[in-house]
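# Analysis of the macromolecular model
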Amino acid sequence: KDYRDQLNKFKPDLIAISSTEDMWELATMVIEEGKDYKIKNKVPVIAGGVFPTFAPEICIQNNLVDMVCAGEGEHALIDLCSRLEKKEDYTEVTNLWIKQNGKVVKKNPMKKPVDINTLPMIDISMFEENRLYRPMAGKVYKMFPVETIRGCPYTCTFCNSPDQMMLYKNNAGGGYFRKKKIDLVHKELKHMKEKYGVEYNYFWADTFLAMNKKEFDEFCEMYQDIKLPFW
């Protein structure tokens, strides 16, 4: 009910859902709950994330999913939203599989990985404050995830990162492993601490210690200014 009420209040022009493999069943349930709004307002649904990236042919089969984003979505979503706003054709948007009238009509090529040092800081103002609270070691903290690295240089067999590397190597010329500049990480950490009162940081990285000694020293020096526990 909360979700349906939010749809009717916010009136989105696009419903976008991100999912891992183990969350796909829940994702389809969420999409189903918005079925009436989608059909009544002719609003497209796009699925992205790890599972749609590696199994787009499965995700696109859902009768309420109109598009699948295979790969990173930062540029694709901006392009898609711009075209939707202008009521332009969006079947050529990179990274997207497009379905029309129940059939897949386009499987667009993947674009090169985004430069994570040019991305804007995450705007969390639209989320409820409760979204930030998480348990850690028997206590509840206001916690925030901060991206330091995207991708991973290692090839562990249990992980999807090597597949991400191969996917981008074969389809977009490689370059999936990237590091965010320490000064940008510091700026984000300081902003979240001072503006939102973050008490605990969660470093969102496949391999947090994939740093050389110089980078690690820079991180340690930078974090002395933050002085918050992290994991």
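Preceding this paragraph is the structure being described.
Attention here is on the structure that accompanies the text. (Residues numbered from 1 in each chain as written. Predicted model: local features only at pLDDT ≥ 70, side-chain atom pairs only at ≥ 80, totals over all residues. Heavy atoms only, no water.)

Across soluble globular proteins, nonpolar side chains show a tendency to be buried alongside one another. Core analysis: the largest hydrophobic core is formed by 19 residues, its most contacted members being Phe 144, Leu 189, Phe 203, Met 222 and Tyr 223. Listed in part, the 18 residues of the second largest apolar core include Ala 27, Tyr 37, Ala 47 and Val 65. (Core = buried A, V, L, I, M, F, W, Y, C linked by side-chain atoms within 4.5 Å. Buried < 20%, exposed > 50% of the residue type's maximum accessible area, 1.4 Å probe, protein only.)

Moving on to a nonpolar patch on the surface. Taken together, the side chains of Met 23, Leu 26 and Met 29 make up a nonpolar region of the molecular surface, amounting to roughly 280 Å² of accessible area. When you line up the elements, Met 23 lands in the loop between strand E1 (15-18) and helix H2 (24-33). (Patch = residues over 30% accessible without salt bridge, like charges linked within 9 Å, V, L, I, M, F, W, Y side chains within 5 Å. Areas by Shrake-Rupley, 256 points an atom, 1.4 Å probe, with all protein chains shown as cover. Salt bridge = Lys/Arg side-chain N within 4 Å of Asp/Glu carboxyl O. Helix = DSSP H or I, 4+ residues; strand = E, 2+ residues; numbered from the N terminus.)

This brings us to the pattern of salt bridges. What the rule picks out here adds up to 17 salt bridges. Glu 72 is the salt-bridge partner of Arg 178, the closest N and O atoms lying 2.7 Å from each other. A residue pair is termed long-range when its members are at least 10 positions apart, and Arg 178 in strand E9 (residues 178-179) and Glu 72 in the loop between strand E3 (67-69) and helix H6 (74-85) qualify at 106 residues. The residues Arg 178 and Glu 72 share a single accessibility class, namely buried. The partner of Arg 150 in a salt bridge is Glu 74, with the nearest N and O atoms 2.9 Å apart. A residue pair is termed long-range when its members are at least 10 positions apart, and Arg 150 in strand E8 (residues 149-150) and Glu 74 in helix H6 qualify at 76 residues.

Turning next to the side chain of Arg 150. Owing to a relative accessible area of 12%, Arg 150 belongs among the buried residues under this scheme. In terms of polar contacts, Arg 150 uses its side chain to reach the side chain of Glu 147, at 2.8 Å. If near-sequence neighbours (up to four positions away) are discounted, Arg 150 is found in contact with Glu 72, Glu 74, Val 114, Ile 116, Leu 119, Tyr 176, Phe 177 and Arg 178. (Polar contact = N/O pair within 3.5 Å; in protein donor to acceptor, adjacent residues only side chain to side chain. Contact = heavy atoms within 4.5 Å.)

Strand order in the open sheet formed by three strands is E6-E7-E10, with mixed pairing between adjacent strands. Both outer strands of the open sheet, strand E6 (133-136) and strand E10 (200-204), are each paired with one neighbouring strand and no more. Taking each pair of neighbouring strands and ignoring which way they run, the sheet shows an average axis angle of 55 degrees. Sheet topology note: the strand E7 (residues 139-147)/E10 ladder contains five bridges and is parallel. Considered in E10, the bridge of Glu 147 is made with Trp 204. On the sheet, helix H8 (residues 182-196) packs against E7 and E10 and is oriented at approximately 145 degrees with respect to E7. (Pairing = 2+ DSSP bridges. Axes fitted to C-alpha atoms, helices over the stretch in contact; angles between N-to-C directions.)

Turning our eyes to something else, we now look at the sheet that holds strand E4 (residues 96-100). Judged by pairing direction, the sheet is mixed, and its five strands sit side by side in the order E1-E2-E3-E4-E5 without closing on themselves. Two strands close off the open sheet at either side, each with one partner strand: E1 and strand E5 (103-107). Strand after strand, the sheet turns through a mean of 20 degrees between neighbouring axes, direction not considered.

Positive phi is not limited to glycine here, since Lys 42 has a value of about 55 degrees. With respect to the helices, strands and loops of the structure, Lys 42 is situated in the loop between helix H3 (35-41) and strand E2 (45-48). A residue is classified by how much of its surface remains accessible, and Lys 42, at 75% relative accessible area, is exposed. Here Ala 137, not a glycine, exhibits a phi torsion of approximately 55 degrees, which is positive.

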